[in-house]
Structure formats: C-alpha cells, structure tokens
Amino acid sequence: MVVRLTEENWAATRKYLRGTGDRFAELLTSAGSGTKATATWTVTDMAAHVATLARMYHQMVDPAGCDDPLAVTDDLVRSTIVDTVDTANEELLRLFPERDPGVLADVLLRDVDRLLTATRDADPAMALPWLGGSHVPLGGLLAHLLNELQIHGRDIARPLRRRWDVPPQEAAPFFEMFLVGVTEYGYGRLLEGHGPRRPDGSPSSSAPITPPQW
C-alpha cells in the first residue's frame, strides 16, 4: 500500500481538521473543568492533551512563527516508543498547565489555525521526524491531529451526554495519510517495546503492531 497524498485528500484533511477543531472547541466550552472523561483524566486534561499536540505540531512545522513553544526536548520525541507514550503525554501535560475550558478552546483553535496557515503552501509529502525516530509526511501529521480531535471529542462528549459523530470520509485520512505514511516513511524504533507480559510477569519479546495514540 502506498500513501495517498493527492491535492484532493490534502485539501479534505485540512477542511476536516478545521471543522473538527471548531466542533471540539464548542463541545469543550459546555464542559465543567472537573468533569471526568476517564478514570484518571478530566475533560480539561483531555483537551489539554490535544492542545499540546496542536502546539507541538505547529512549532514543528513553523518554529519561527510559534511564539509560545512547549519546552519539548528532541530526546523526548526520539526516545518515545509505544511502551513510553503515556510517560511522554504526562510530561507534555506538565509543560502545559492551562485547564480552563474556555481558554483551552481558544488556544486550541488558535494553534490549529496557525498550523493550517503555516502549511497552506507546503508539500504534504514533506517528511517530518516523529516519535521513536520514525518519520511521517506532513499530510500524515495533520491527519494524526485530526484523529486525536475525533477520538478525544468522543471521550469528552460521552460524560456530557452529547452526540459526537465522525463520518467515515473524515476518519479516512488517519489510515490513508498517517498509518500508511509512517509505514512507508519509516517507523524507526517506534514499535520497539516489551510487548504483553507473560503469566509470570516477565515481558515477552513481541511488540505492538500499531503506532501509539499520542
């Protein structure tokens, strides 16, 4: 399978990213800061997680234009693999302490807009470094952020008893541009890991076969 980076799906991914970002922000503004999304994360923790990715991806593609970059080290990005992605997420949340729903909505929309503006005339096939020494096409990077908004929008909508739909065509870029892209461009050490543990508690030698949900 070859990564599909056409003008049509690049334009569609950008359109879906902006639209889903708007829906996510609207949903977030109706939530209370203490509302639980999972057993360990509140709705605003979840939103902050997505906001860290939008900020990091913006500074990745436009370092000179990012006026408030996260202090993410190159080593954190290079060393993060499937078994350590949770640790990386917690570090990003530590670097980004904002938890007010309204502020998070505004910040997220601003970074999505700046990311889209910075990449307006860019080549979607441009290779970018990602976790564990892997590389993704620029189109795949935007598709990954779109997927994060889709998945965590659902996580936030559930406790709020709000509807959250993801049309199939809007889910497609994650598979067509990101998953195929990271496979084709090289997944480095991303899939290295201890794998599931044996009954005696020791790690097996097998590794997960899908990229982490950062």
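Everything numeric in this text was worked out from a predicted model, so none of it was measured.

Asks: Any chance you could explain the overall build of the protein here in plain terms?
Replies: Secondary structure summary: the protein contains 7 helices and 2 strands in total. Ordering the α and β elements of the protein from the N terminus gives α-α-α-α-α-β-β-α-α. Considering only intrachain contacts with a sequence separation of at least 6, the fraction spanning at least 24 residues in the protein is 74%. As displayed, the protein offers around 10300 Å² of accessible surface, 54% of which is attributable to carbon and sulfur atoms.

Asks: Explain the layout of surface pockets to me, please; I cannot follow it from the model alone.
Replies: One water molecule sets the probe size; rolling that probe over the atoms shows where empty space is left. Approximately 250 Å³ is the volume attributed to the largest pocket. Every residue lining the largest pocket is counted, 13 residues in all, and those nearest its centre are Met 60, Thr 73, Asp 74, Val 77 and Pro 129. Of all the secondary-structure elements, those providing two or more residues to the lining of the largest pocket are α2 (43-61) and α3 (74-79). Here the residues of the lining of the largest pocket sort into 6 nonpolar, 5 polar and 2 charged.

Asks: Just to check I follow, could you spell out the environment of Pro 173 for this structure?
Replies: Examined against the element boundaries, Pro 173 turns out to sit in helix α7 (residues 168-185). Taking the C-alpha atoms as reference points, Pro 173 and Tyr 16, separated by 157 residues in sequence, lie 9.4 Å from one another. If we ignore the near neighbours within four places in the chain, the residues touching Pro 173 are Thr 13, Tyr 16, Ala 143, Leu 146 and Phe 178.

Asks: How do you make sense of the packing of helix α1 (residues 7-28) against helix α6 (residues 138-160) when you look at a structure like this?
Replies: Helix-helix packing is characterised by the crossing angle of the two axes and by the distance between the axes. Contact pair α1 / α6: the axes reach a minimum separation of 9 Å and the direction vectors enclose 25°. Regarding the angle of α1 to α6, the classification is roughly parallel. Here α1 and α6 pass one another in a crossing that is left-handed. Partitioned by chemical class, the residues of the contact of α1 with α6 number 14 nonpolar, 7 polar and 1 charged.

Asks: Please explain the pattern of salt bridges as it appears in this structure.
Replies: Counted according to the given criterion, the structure contains 10 salt bridges. Of the charged contacts in the structure, one is a salt bridge between Glu 91 and Arg 94, with a shortest N-O distance of 2.7 Å. One end of the pair is Glu 91 and the other is Arg 94, both in helix α4 (residues 85-95) and 3 residues apart, which spans about a single turn. According to the relative accessible area criterion, Glu 91 is partly exposed, its value standing at 25%. The exposed category is assigned to Arg 94, whose relative accessible area is 56%. The partner of Glu 192 in a salt bridge is Arg 189, and the shortest N-O contact between them spans 3.2 Å.

Asks: What is the right way to look at the packing of aromatic side chains in this model?
Replies: The geometry of an aromatic ring pair is captured by two quantities: the separation of the ring centres and the angle between the planes. In this structure the tally under the stated criterion is 3 aromatic pairs. Taking 5.1 Å as the distance between ring centres and 75° as the angle between the ring planes, the aromatic pair formed by Trp 130 and Phe 178 counts as edge-to-face. Of this pair, Trp 130 sits in the loop between β1 (127-129) and β2 (135-137) while Phe 178 sits in helix α7, and the two are 48 residues apart along the sequence. This pair shows no difference in class: Trp 130 is buried, exactly as Phe 178 is. Taken together, a centroid distance of 5.5 Å and an interplanar angle of 80° make the contact between Phe 174 and Phe 175 edge-to-face.

Asks: Help me out: how do you make sense of α2 in this one?
Replies: Since one α-helical turn is 3.6 residues long, residues separated by three or four positions face the same way. The end-to-end C-alpha distance of α2 is 28 Å, a good match for the 27 Å that 19 residues give at a rise of 1.5 Å each. When you tally the buried positions in α2, you get 17 out of 19 residues, the bulk of the element.

Asks: Explain the packing of α2 against α6 here, please?
Replies: Where α2 contacts α6, the two axes come as close as 9 Å, and the packing angle between them is 170°. Judged on the interaxial angle alone, α6 and α2 are roughly antiparallel. Here Val 43, Met 46, Ala 47, His 49, Val 50, Leu 53, Ala 54, Tyr 57, Met 60 and Val 61 of α2 come into contact with α6, specifically with Leu 138, Leu 141, His 144, Leu 145, Glu 148, Leu 149, His 152, Asp 155, Ile 156 and Pro 159.

Asks: I would appreciate a short explanation of the environment of Ser 33 in the present structure.
Replies: Its place among the elements puts Ser 33 in the loop between α1 and α2. For Ser 33, a relative accessible area of 46% corresponds to the partly exposed category. Residues within four places of Ser 33 in sequence aside, it is in contact with Thr 42, Thr 44, Arg 99 and Pro 101.

Definitions and limits used
Residues numbered from 1 in each chain as written. Predicted model: local features only at pLDDT ≥ 70, side-chain atom pairs only at ≥ 80, totals over all residues. Heavy atoms only, no water. Helix = DSSP H or I, 4+ residues; strand = E, 2+ residues; numbered from the N terminus. Contact = heavy atoms within 4.5 Å. Areas by Shrake-Rupley, 256 points an atom, 1.4 Å probe, with all protein chains shown as cover. 1 Å grid on protein atoms, 1.4 Å probe; cavity = no way out; pocket = protein on both sides within 12 Å on 5 of 7 lines; lining within 4 Å. Points joined across faces, edges and corners; volume = space filled by probe spheres on them. Nonpolar A, V, L, I, M, F, W, Y, C, P; charged D, E, K, R; others polar. Axes fitted to C-alpha atoms, helices over the stretch in contact; angles between N-to-C directions. Parallel < 35°, antiparallel > 145°, perpendicular 65-115°, else oblique. Left-handed = near helix turned anticlockwise from the far one by under 90°. Salt bridge = Lys/Arg side-chain N within 4 Å of Asp/Glu carboxyl O. Buried < 20%, exposed > 50% of the residue type's maximum accessible area, 1.4 Å probe, protein only. Phe/Tyr/Trp six-rings, centres within 6.5 Å; stacked < 30°, edge-to-face > 60°. Expected span 1.5 Å × (residues − 1).

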